[in-house]
Amino acid sequence: MKNRITFLFVLTSLILGAQTRSIQSSSPLSEVSPTDEGISTERLERIDLMLEQAVGKNNIPGAVALIARNGKIVFHEAYGKADNALGKAMEKNTIFRIASQTKAITSTAVMILWEEGKFRLDDPISKYIPDFGKAEILDSFNERDSTYTTKPAENQITIRHLLTHTSGLGYGVIDGDERFQKIYAKAGITDLFTTDNISIGESVKKLAKLPLHHNPGEAFVYSEGLDVLGYFIEVVSGMPFDEFLRERLFDPLGMDDTWFYLPEEKEDRLVTVQQKKGGTWEEYPVTFYDPDYPIKGARRFFSGGAGLSSTAKDYATFLQMYLNHGELNGKRILSRTTVRSIMGNQTGDLWGDDIKHYGLAFGVVTSKGQDHGGEGSAGTFDWGGYFNTQYFADPQENIIGILMKQTRGPVDDQTGWKFRQMVFAAVDD
């Protein structure tokens, strides 16, 4: 009996200890001494110097860098200017247009609904958005007037195809195929962020009528699939996409600085998109979009592929939820089993890169990528954004790295690969 009581006491202590560790690891991100989390302060100083020098050499106008380990921030610094013309300093809470970093957030929202049994990943999207019922592939194209012919696709676009960029949809103005750039422009597709008075649903319904690059599931072509899924979330949830994200993801995680369109009190924290002209950093002009879209215009287009703005800390919070297997600060967003599926290889060898595979939301480093060096451990997940933002998170080392910049046009910027390589080199445990 005594031995049995002792065993039960030890077992209970182990369980309570594990629960305590779980609670500690899922607390909101807070700053601690790097050495407490096995990170070398001397090697962080190298990163600090590298970024200072990049600004000093005029290679970038400014940046915000954040490194976290074990759910604790060990490095969070701002460099240079948020607007050189105005002399406005970059701050740690500066808000950046995160563009394609929106995709992982949209994918997460899709999987929240998937966990509720609202759909299956291999359901055809036409089951929920009937406009996609007739899948057609581009057959011939007339350069003179952008008219074209099509042929029937062999199968339908599924939700999984949309999540993995294998649907055959294009990306309009940034598409790698000029034929699709012209087809999308003629059809009046809103490809990315905009100040125009249009909803995501209106744009997606136009998109559904256009030809595909290939049969769904046959190739990886970066696309507007996540914009389609933003509208899909509205259909399935019965809520506007922005409200769904606020209620189901941003508020529970405390991501108060992540928005499609910024509240008035946050507008002055938005960084300026800058380009380099004659050695001087200046505001990037209006082209096919107005760079001030987060604070201007109709504020109706909730682009699931590219529309959000955020801070380094907010995005680190989102990534930490994933490192915690779907939970943060006592809020369960996804099951760890769902996170496992999200990180799995969903595209086989279609991505054509053996150092990474593509899951349901991220690029994921393979064992060969780990051995390649500078990418992180196998399982490290990452992506970036159109305006020169990037992130990575390593589940084995429990490390997050975020580097936020905001530039367009030609730049001699080597900070991206250097930052990632040097973050992993700072591990000292």
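Refer to the structure presented above.
Treat the numbers as computed from the prediction; the structure is a model and nothing was measured.

## Quick look at the overall build of the protein chain
Of regular secondary structure, the protein chain possesses twelve helices and 17 strands. Relative to its 429 residues, the protein chain shows a buried fraction of 55%. Taking all contacts inside the protein chain whose residues are at least 6 apart in sequence as the whole, residues at least 24 apart take part in 67%. Carbon and sulfur atoms make up 48% of the accessible area of the protein chain, which amounts to about 18400 Å² in all. Counting 46 positive and 58 negative side-chain charges, the protein chain places the averaged centre of each group 3 Å from the other.

## What about the pattern of salt bridges?
Under the criterion given, the structure shown has 21 salt bridges. Residue arginine 300 is joined to glutamate 202 by a salt bridge in which the shortest nitrogen-to-oxygen separation is 3.8 Å. Note that arginine 300 is positioned in the loop between strand E9 (280-283) and strand E10 (309-310) and glutamate 202 in helix H6 (residues 200-207), a separation of 98 residues in sequence. Among the residues examined, arginine 300 registers a relative accessible area of 32% and is labelled partly exposed. Classification of glutamate 202 by relative accessible area gives partly exposed; the value is 39%. The partner of aspartate 354 in a salt bridge is lysine 368, with the nearest N and O atoms 2.7 Å apart. Taken together, the residues span a long stretch of sequence, with aspartate 354 in the loop between helix H10 (336-343) and strand E13 (356-358) and lysine 368 in helix H11 (residues 367-372) at a distance of 14 residues. Sharing partners across several salt bridges, the network here consists of Arg97, Asp290, Asp292 and Lys296.

## So, the packing of aromatic side chains
Taken as a whole, this structure holds 33 aromatic pairs when the rule is applied. Measuring from ring centre to ring centre gives 6.4 Å for phenylalanine 180 and tyrosine 184, while their planes differ by 65 degrees; the resulting arrangement is edge-to-face. With phenylalanine 180 and tyrosine 184 both in helix H5 (residues 178-187), this residue pair falls four residues apart, about one helical turn. In this structure phenylalanine 180 comes out as buried when scored by relative accessible area, which is 1%. The buried category is assigned to tyrosine 184, whose relative accessible area is 0%. When the ring of phenylalanine 362 is compared with that of phenylalanine 381, the centres are 4.7 Å apart and the planes differ by 55 degrees; the resulting orientation is tilted. In this pair, phenylalanine 362 sits in the loop between E13 and strand E14 (363-365) while phenylalanine 381 sits in strand E15 (residues 381-385), placing the two residues 19 residues apart along the sequence. Assigned by exposure class, phenylalanine 362 and phenylalanine 381 land together as buried. Connected via pairs of aromatic rings, a cluster forms that spans Phe193, Tyr284, Phe288, Tyr289, Tyr293, Tyr386 and Phe387. Stacked on the ring of tryptophan 259, the Lys or Arg arginine 246 has its end atom at 3.6 Å from the ring centre. In this structure, arginine 408 is placed above the aromatic ring of tyrosine 386, and the distance from its NZ or CZ to the ring centre is 3.7 Å.

## Quick look at helix H7 (residues 225-237)
If you check H7, its first and last C-alpha atoms are 18 Å apart, about what 13 residues at 1.5 Å a residue would give, namely 18 Å. H7 sits mainly inside the fold: eleven of its 13 residues count as buried. Along H7, the residues that are buried comprise Gly225, Leu226, Asp227, Val228, Leu229, Gly230, Tyr231, Phe232, Ile233, Glu234 and Val236. On its buried face, H7 sits against helix H3 (102-115), helix H4 (159-163), H6 and helix H8 (241-253). Immediately downstream of H7, the backbone of glycine 238 shows phi near 75 degrees, a positive value.

About the cut-offs
Residues numbered from 1 in each chain as written. Predicted model: local features only at pLDDT ≥ 70, side-chain atom pairs only at ≥ 80, totals over all residues. Heavy atoms only, no water. Helix = DSSP H or I, 4+ residues; strand = E, 2+ residues; numbered from the N terminus. Buried < 20%, exposed > 50% of the residue type's maximum accessible area, 1.4 Å probe, protein only. Contact = heavy atoms within 4.5 Å. Areas by Shrake-Rupley, 256 points an atom, 1.4 Å probe, with all protein chains shown as cover. Lys, Arg positive; Asp, Glu negative; His and termini not counted. Charge placed at Lys NZ, Arg CZ, Asp CG, Glu CD. Salt bridge = Lys/Arg side-chain N within 4 Å of Asp/Glu carboxyl O. Phe/Tyr/Trp six-rings, centres within 6.5 Å; stacked < 30°, edge-to-face > 60°. Lys NZ or Arg CZ within 6 Å of the ring centre and 35° of its normal. Expected span 1.5 Å × (residues − 1).

Taken by themselves, the reported measurements are silent on function.
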